[in-house]
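Descriptive analysis of the structure
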Amino acid sequence: TYAFMGDYAGDVTVTAQWKEKPKYTVSLTTGTGTSVSGAGSFYDGETVTVLATALTGYTFSNWSGTYSSNDAVYSFTMPAQDVSLTANASVNSYTFTLGTATGASTEGSTETGRYAYGTTITLRATANVEYACKGWTSSNTGLVPNLSANDTTFTMPAGDITMTPNVSKGYSLFFDANGGSYDTLSDYYTYEGQMFTIDFSVIPTKASYIFLGWSTDKTATSPMYTESGEKSFEITGDATLYAVWTPKKATGITITSATNSTQNSTLQLRATVTPDDILNQSVTWSSSNTSIATVNNSGKVTGKSSGTTTITATAADGSGVKATATVNVTVTKVACGKTLTRGPINKNDDGSIYYYGICSTHGQQGIIYGTHADGSQYWNSDKCTAKVKGYLLELLTQ
């Protein structure tokens, strides 16, 4: 009710004058692990409602700032001033269980326990001998997928999780030197589908043999793998690689004799094969002209007529290596050489005795046995010295 002072001789019109009330701002800040809604401008006296939502892995704690509240949905009457609120949350912890499996070590992995959401968990699986690891199996693939790597990490999810190494009895790959020996070549273990690398630079050894490579066939004469370094491949079951060998072959032959010449119609030759550690050291002998001289399997050359012939010694190991020597044959006279038999006894006037030697071809020869008057004995050669046709053999070239 208003009273007007003054003289008014009639009706009076009064007009109201209005001024808009001021608005005040509600500012919201997200703490770690929260999202918020409800910020804006409001008149004093209005009811304002703000909402805090905890993100995955977090639990809402409270509002702090101009006001404080433990309610995620919080309402208040807007004062005649700006309002600032922060939504706070705490990180949740969940249980990680490190599973175990026969045939593998998990040393170096994060231990079983409770860990905050987002913590980095380390997994390390090492297969024991004769086993193979192939990643990790998850107890909840909705939280953490199965992992293919043996050494890996993952982030702790918002829930309990167990990770177990995926272990299988591996395929065995063994190396057999097949009669030879090696120092450092190791056996390998793997699983189906895995490519793995073998170092073939380790070369086995075997006396008198040359290493060719490896084969799954113990009796193979040619190798499947001839690598000299690393090779990656896959096996689908237990396997053994056997060393493949071939005998060393002759590389050279030298022909010699005890003397360069002989007058007894024969000449013994020797063949020295190199290298000296090959299995087959034998040779075969041949003469280029058997009417001049022949040679037997042991290298004995026998003269037949005057002239020269080439004697060849060929390695018997199939290498084709050979050597030659030239032998000259000359007709000559040589002693018969047959062993004499004892003839009738003869006596001297002094009582001593003696025997003549008898050759089946040349008859009576010299005295081969006798006694002196004093009874002492004497002996002569028991070989026939009669001269017969023979051959002088000379080793000219080698």
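Everything below is about the structure printed above this text.
As the structure is a computational prediction, the values presented were derived from the model and not from experiment. (Residues numbered from 1 in each chain as written. Predicted model: local features only at pLDDT ≥ 70, side-chain atom pairs only at ≥ 80, totals over all residues. Heavy atoms only, no water.)

Focus: the overall build of the protein chain
Broken down by element type, the protein chain carries zero helices and 34 strands. Along the first, second and third principal axes, the C-alpha set of the protein chain runs to 215 × 45 × 35 Å. In the protein chain, which comprises 398 residues, the share counted as buried stands at 34%. For the protein chain, the computed accessible surface area is about 22,600 Å², with 47% contributed by carbon and sulfur atoms. Here the protein chain holds 23 positive side-chain charges and 30 negative ones, and the gap between their average locations is 28 Å. (Helix = DSSP H or I, 4+ residues; strand = E, 2+ residues; numbered from the N terminus. Buried < 20%, exposed > 50% of the residue type's maximum accessible area, 1.4 Å probe, protein only. Areas by Shrake-Rupley, 256 points an atom, 1.4 Å probe, with all protein chains shown as cover. Lys, Arg positive; Asp, Glu negative; His and termini not counted. Charge placed at Lys NZ, Arg CZ, Asp CG, Glu CD.)

Concerning the pattern of salt bridges
Applying the stated criterion to the full structure yields three salt bridges. Asp44 is the partner of Lys21 in a salt bridge, and the nearest nitrogen-oxygen pair spans 3.8 Å. With Lys21 in the segment before β1 (23-30) and Asp44 in the loop between β3 (40-43) and β4 (47-54), this residue pair connects regions lying 23 residues apart in the sequence. In this structure Asp44 comes out as partly exposed when scored by relative accessible area, which is 27%. (Salt bridge = Lys/Arg side-chain N within 4 Å of Asp/Glu carboxyl O.)

Re the packing of aromatic side chains
Under the defined criterion, the tally for this structure stands at 10 aromatic pairs. Here the aromatic rings of Phe96 and Tyr115 are separated by 6.4 Å at their centres, their planes lie at 65°, and the arrangement is edge-to-face. Of this pair, Phe96 sits in strand β8 (residues 93-98) while Tyr115 sits in strand β10 (residues 113-116), and the two are 19 residues apart along the sequence. A relative accessible area of 0% means that Phe96 is categorised as buried. Taken together, the ring pairs in this structure connect Phe175, Phe211, Trp214 and Trp245 into an aromatic cluster. Over the aromatic face of Tyr209 sits the side chain of Lys206, whose NZ or CZ is 4.2 Å from the ring centroid. When the ring centre of Tyr355 is taken as origin, the NZ or CZ atom of Arg342, which lies over that ring, is 4.2 Å away. (Phe/Tyr/Trp six-rings, centres within 6.5 Å; stacked < 30°, edge-to-face > 60°. Lys NZ or Arg CZ within 6 Å of the ring centre and 35° of its normal.)

Points about the sheet that holds strand β31 (residues 353-359)
Taken in spatial order, the four strands of this open sheet run β30-β31-β32-β33, and their pairing is antiparallel. Every other strand in the sheet has two partners, leaving β30 (341-347) and β33 (377-379) as the edge strands with one partner each. Pairs of neighbouring strands in the sheet enclose a mean axial angle of 30°, with direction left out of account. Taken together, the three bridges between strand β32 (residues 363-371) and β33 define a ladder with antiparallel strand orientation. Paired with Gly370 across the bridge in β33 is Tyr378. (Pairing = 2+ DSSP bridges. Axes fitted to C-alpha atoms, helices over the stretch in contact; angles between N-to-C directions.)

What about the environment of Lys218?
Topologically, Lys218 is positioned in the loop between β19 (209-215) and β20 (230-233). For Lys218, a relative accessible area of 44% gives the class partly exposed. For the pair Lys218 and Leu241, spaced 23 residues apart in the sequence, the C-alpha separation amounts to 7.9 Å. With residues up to four places along the chain from it excluded, the contact list for Lys218 reads Asp176, Asn178 and Tyr242. (Contact = heavy atoms within 4.5 Å.)

A short note on the side chain of Thr312
When you line up the elements, Thr312 lands in strand β28 (residues 307-315). Once residues within four sequence positions are removed from consideration, Thr312 is found in contact with Thr284, Trp285, Ser286, Lys322, Ala323 and Thr324.

A word on the side chain of Ser215
Mapping Ser215 onto the fold places it in strand β19. A residue is classified by how much of its surface remains accessible, and Ser215, at 3% relative accessible area, is buried. When near neighbours in sequence (up to four residues on either side) are disregarded, Ser215 contacts Ala220, Ser222, Pro223, Met224, Thr240, Leu241, Tyr242 and Val244.

Looking at the sheet that holds strand β26 (residues 293-295)
The sheet built from four strands is open, its strands ordered β22-β24-β27-β26 with antiparallel pairing. Here the strands that pair on one side only, and so sit at the sheet edges, are β22 (252-257) and β26. With direction set aside, neighbouring strand axes in the sheet form an average angle of 25°.

Quick notes on the nonpolar core
Core analysis: the largest hydrophobic core is formed by 24 residues, its most contacted members being Ile253, Leu269, Trp285 and Val301. Contributing elements (two or more residues each) for this core: β22, β24 (266-274), β25 (283-287), β26, β28, β29 (322-335) and β34 (387-397). The element contributing the most residues to this core is β29, with four residues. In this structure Val301 touches Ser265, Thr266, Leu267, Leu269, Ala293, Thr294, Val295, Ile311, Val327 and Leu393, once residues within four positions along its chain are discounted. (Core = buried A, V, L, I, M, F, W, Y, C linked by side-chain atoms within 4.5 Å.)

Remarks on unusual backbone geometry
Here Thr274 and Pro275 are connected by a cis peptide whose omega angle stands at 0°. For Pro275, the location among the structural elements is in the loop between β24 and β25. Although it is not a glycine, Asn178 adopts a positive phi angle of roughly 55°. Tracing the sequence through the fold places Asn178 in the loop between β16 (171-176) and β17 (188-190). Although it is not a glycine, Ser208 adopts a positive phi angle of roughly 70°. Classification of Ser208 by relative accessible area gives buried; the value is 12%.

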